[in-house]
Amino acid sequence: MRLNGNRLKIFLADLTHSINAGATIPLNIGLIASYAIMKFKNEIEVKLFKYPDKLLQALMEEPCDILGCSNYIWNSNLSHWACKVAKERNQKVLTCMGGPNFPLLDCQKIRFLQENNYVDIVIPYEGEIAFVNILERMLEERDRKYIFRDAIDGCVFLHSDGKKLVEGNTINRMDKLDSILSPYTNGLLDEFFDGKLVPMIQTARGCPYSCNYCNISNPYYSKVKLFDTQYINDELYYIAERISDTSIKMLQIADSNYGMYKRDKDISQIIKKLQEKHNWPLGLYVSTGKQFDNVIESTEMLKKSFTFSMSVQSMNKTVLKEIGRSNIPIESYKATSDILSMKDQSTLAECIVPLPYETYVSYMEGVRNLIDLGANRIVTNTLMILNGTIYKDDKYKEKFGYATKFRILPYCYGIYGGEKVFECEEVGISTNTLSFDEYLKIREFSFLIEMLFNSSIFTELGLCLKVYELHYYDFLMF
C-alpha cells in the first residue's frame, strides 16, 4: 500500500554545483525514472532535479515520499546535503543514494551508513531494477518501519540495531537495455534543454577490462551491454532538434570504450549527418577503446570532433601487470599513431601517477617512449583513490606504502540554503617506490609538457627541433 494513500511522490536528483559549466543533462536519473514509470504508471509521480536551488525549493514547498540522489565523486557531498535537508523537512522521507562512490568492504559500508544516518538505502550498482524493488516494497507497506523488515535485492542498508549490514542479492544486469524507454524521446528530459547543460547519451554499458584503479573494473560490469542503434538514432535526432539553436555545441558519450564495436561506426555516421544538418555536435566528450583499429574505422568520419585516446597509464610492464592492464604492443601503438597522424587526427596519451611499482625513472622513460611513438598530447593524472576500488583497502595501501592527501575538485563547490558544500577527492602522493619529492618533480615536468609539448601555440618549436634533430624530451629536460 502507499504510505500516504495517494501516488508515491518521488524526487530524483543528479545534482551539479552551480559553477560547473560542463554539467550534463541527467540521463542517469532519467533512465531510472523512465523504467519506474513504465512499471508503476499512475501509482507514482516523479520529478527530476539537476540544480540544488530548485531541489531545495521543492523540498520546502512539497515534501516527497522518496528522495533518490546520484553518488559520484563530483557531487557526493551535494547529494549528502540534499538528503540531510530532506530529513530535516520530513523525517518519514525515504532517502536513497546510488552510484559508484560507495565502498567495497563491508566494514566500510557499515561505517558509511553509520556516519551518514540520513541516508536510508544505497544502490551500489545499476539502478533501474533496484529502485523498482524499493518502490515495490514501499507500495506494499503502510508502515515505514516494515520497509526494512528484510533485504531488498540490489540494495544495502543498516539493520535496525544500527550495527549490522543488510544487503540484498546482487541483481543480474539487464540484457535488453532497450526495455527502458528513452527519457529523451518520452519527454522526461525536455526541461533540461536550457542552454546550460551538455546532452549525454549512452550507447553501451560495461567494460571488459580490469584496471584496478577504476571502479568500473568490478566483474559485475565485465560483460558489455548495447543499446540498439535505432534507439540511439532516435535520441540523437530528438536532442539535435532541441539543442542546435543554443550555445551548447558538445555531446557527451558516456561509454567506457566507444568505437570498439562494429555498430559504433553506424552511430558515428549518424553524428556526422547531424553535424552536416544541424551544425551539432561540433565536439565530443568521449573515451575511446583500446582496440585501436576498430576505433579508427568506427570514428574516422568524425575527424577533429574529438581527441583520439591512446592512453597507457604506464609504460612499465611490472606496473601494468599489478594494475590488471595490458597495453597493445609497441609496434601496433606506433603504427596506429602514424595512421592517425596522416589523417591529421590528434591523439592523447594519459598516464597515472603514482601507480604500484612505478618509479621516477620508469615514469620518465615512459614519457620519452610516448614521444617517440608519436603521441600528440601526454597528460599525467594523479591517482584518485576511488570508492569501489582496491585502493580504498588499507591493506593494499600498506602493501605499496601509499601516502594520500585530499584536495578540492575544481568547480565543485557552492553555497546552498546557506550551507557551504565542497567536493573532495583522496589522491595518492607517494609509494614505497616513488617519493613525495619525486611526485612533485613529475607534477612540475607534467606542467612543462602541457605548456611546451601539448600546446598548439608551440608547433613551430617542434618543427625547429626536428630540423636540428633534437629530441623533444631532451629539450623538455633542458
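One can find the structure itself at the top, above this paragraph.
For the structure given in this document, a descriptive report is provided here.

Criteria and thresholds
Residues numbered from 1 in each chain as written. Predicted model: local features only at pLDDT ≥ 70, side-chain atom pairs only at ≥ 80, totals over all residues. Heavy atoms only, no water. Phe/Tyr/Trp six-rings, centres within 6.5 Å; stacked < 30°, edge-to-face > 60°. Helix = DSSP H or I, 4+ residues; strand = E, 2+ residues; numbered from the N terminus. Buried < 20%, exposed > 50% of the residue type's maximum accessible area, 1.4 Å probe, protein only. Lys NZ or Arg CZ within 6 Å of the ring centre and 35° of its normal. Expected span 1.5 Å × (residues − 1). Arc of directions from axis to C-beta. Contact = heavy atoms within 4.5 Å. Salt bridge = Lys/Arg side-chain N within 4 Å of Asp/Glu carboxyl O. Patch = residues over 30% accessible without salt bridge, like charges linked within 9 Å, V, L, I, M, F, W, Y side chains within 5 Å. Areas by Shrake-Rupley, 256 points an atom, 1.4 Å probe, with all protein chains shown as cover. Pairing = 2+ DSSP bridges. Core = buried A, V, L, I, M, F, W, Y, C linked by side-chain atoms within 4.5 Å.

**Considering the packing of aromatic side chains**
Taken as a whole and judged by the stated rule, the model has 20 aromatic pairs. A ring pair is formed by Phe 292 and Phe 308, whose centres lie 5.8 Å apart and whose planes are at 70°; its orientation type is edge-to-face. With Phe 292 in helix α8 (residues 292–299) and Phe 308 in strand β13 (residues 308–309), this pair connects stretches of sequence that are 16 residues apart. For Phe 292, a relative accessible area of 6% puts it in the buried group. Residue classification places Phe 308 among the buried positions, given a relative accessible area of 1%. An aromatic cluster of at least three residues, connected via ring pairs, comprises Tyr 357, Tyr 391, Tyr 396, Phe 400 and Tyr 402. Between Lys 290 and the ring centre of Tyr 209, over which it is positioned, the NZ or CZ distance is 4.3 Å. One residue, Lys 441, lies across the ring of Tyr 360, its end atom 5.7 Å from the ring centre.

**Things to note about helix α10 (residues 330–342)**
For α10, built from 13 residues, the straight-helix expectation of 18 Å at 1.5 Å per residue is met to within 8% by its first-to-last C-alpha distance of 18 Å. Those residues of α10 not exposed but buried are Tyr 333, Thr 336, Ser 337 and Leu 340. Taken around the axis of α10, the buried residues stretch over an arc of 100°, which confines them to a single face. For α10, the exposed residues lying more than 90 degrees away from the buried face are Glu 331 and Met 342. Taken together, the buried residues of α10 touch α8, β13, β14 (347–353) and α11 (360–372). Positive phi shows up at Asp 344, right after α10, with a value of about 60°.

**Section: the pattern of salt bridges**
Taken as a whole, this structure holds 25 salt bridges when the rule is applied. Across the pair Arg 205 and Glu 126 runs a salt bridge, and its minimum N-O distance is 3.5 Å. Note that Arg 205 is positioned in strand β9 (residues 204–205) and Glu 126 in the loop between β5 (121–123) and α5 (128–140), a separation of 79 residues in sequence. Look at Arg 205 and you get buried, because its relative accessible area is 7%. Among the ionic pairs, Glu 426 bridges to Lys 397, the shortest N-O distance being 2.9 Å. In this pair, Glu 426 sits in strand β17 (residues 419–430) while Lys 397 sits in helix α12 (residues 394–399), placing the two residues 29 residues apart along the sequence.

**Digging into a nonpolar patch on the surface**
Taken together, the side chains of Ile 19, Ile 408, Tyr 411, Tyr 413 and Phe 422 present a nonpolar region at the surface, about 500 Å² in accessible area. Judged by its relative accessible area of 53%, Tyr 411 falls in the exposed class.

**Observations regarding the environment of Asp 143**
If you trace the backbone, Asp 143 turns up in the loop between α5 and β6 (156–158). Here the alpha-carbon distance between Asp 143 and Cys 214, two residues 71 residues apart in the chain, equals 40 Å.

**As for the sheet that holds strand β15 (residues 377–382)**
Whenever strands of a sheet pair, they do so through backbone hydrogen bonds, lying parallel or antiparallel. Taken in spatial order, the three strands make up an open sheet running β13-β14-β15, and their pairing is parallel. A single partner strand is all that each edge strand has here, and the edge strands are β13 and β15. Here two bridges tie β13 to β14, and the two strands are oriented parallel to one another. The partner of Ser 309 across the bridge, within β14, is Leu 348.

**Considering the nonpolar core**
Within the largest apolar cluster, 100 residues are counted, with the highest numbers of intra-cluster contacts made by Ile 134 and Leu 236. In terms of residues, this core owes the most to one element, helix α1 (residues 27–40), which gives eight residues. Those residues in contact with Leu 236 that sit more than four places away from it in its chain are Ile 201, Leu 251, Ile 267, Ile 270, Ile 271, Leu 274 and Trp 280. One finds Phe 11, Ala 13, Phe 112 and Leu 113 within the second-largest nonpolar core, a separate group that totals 30 residues.

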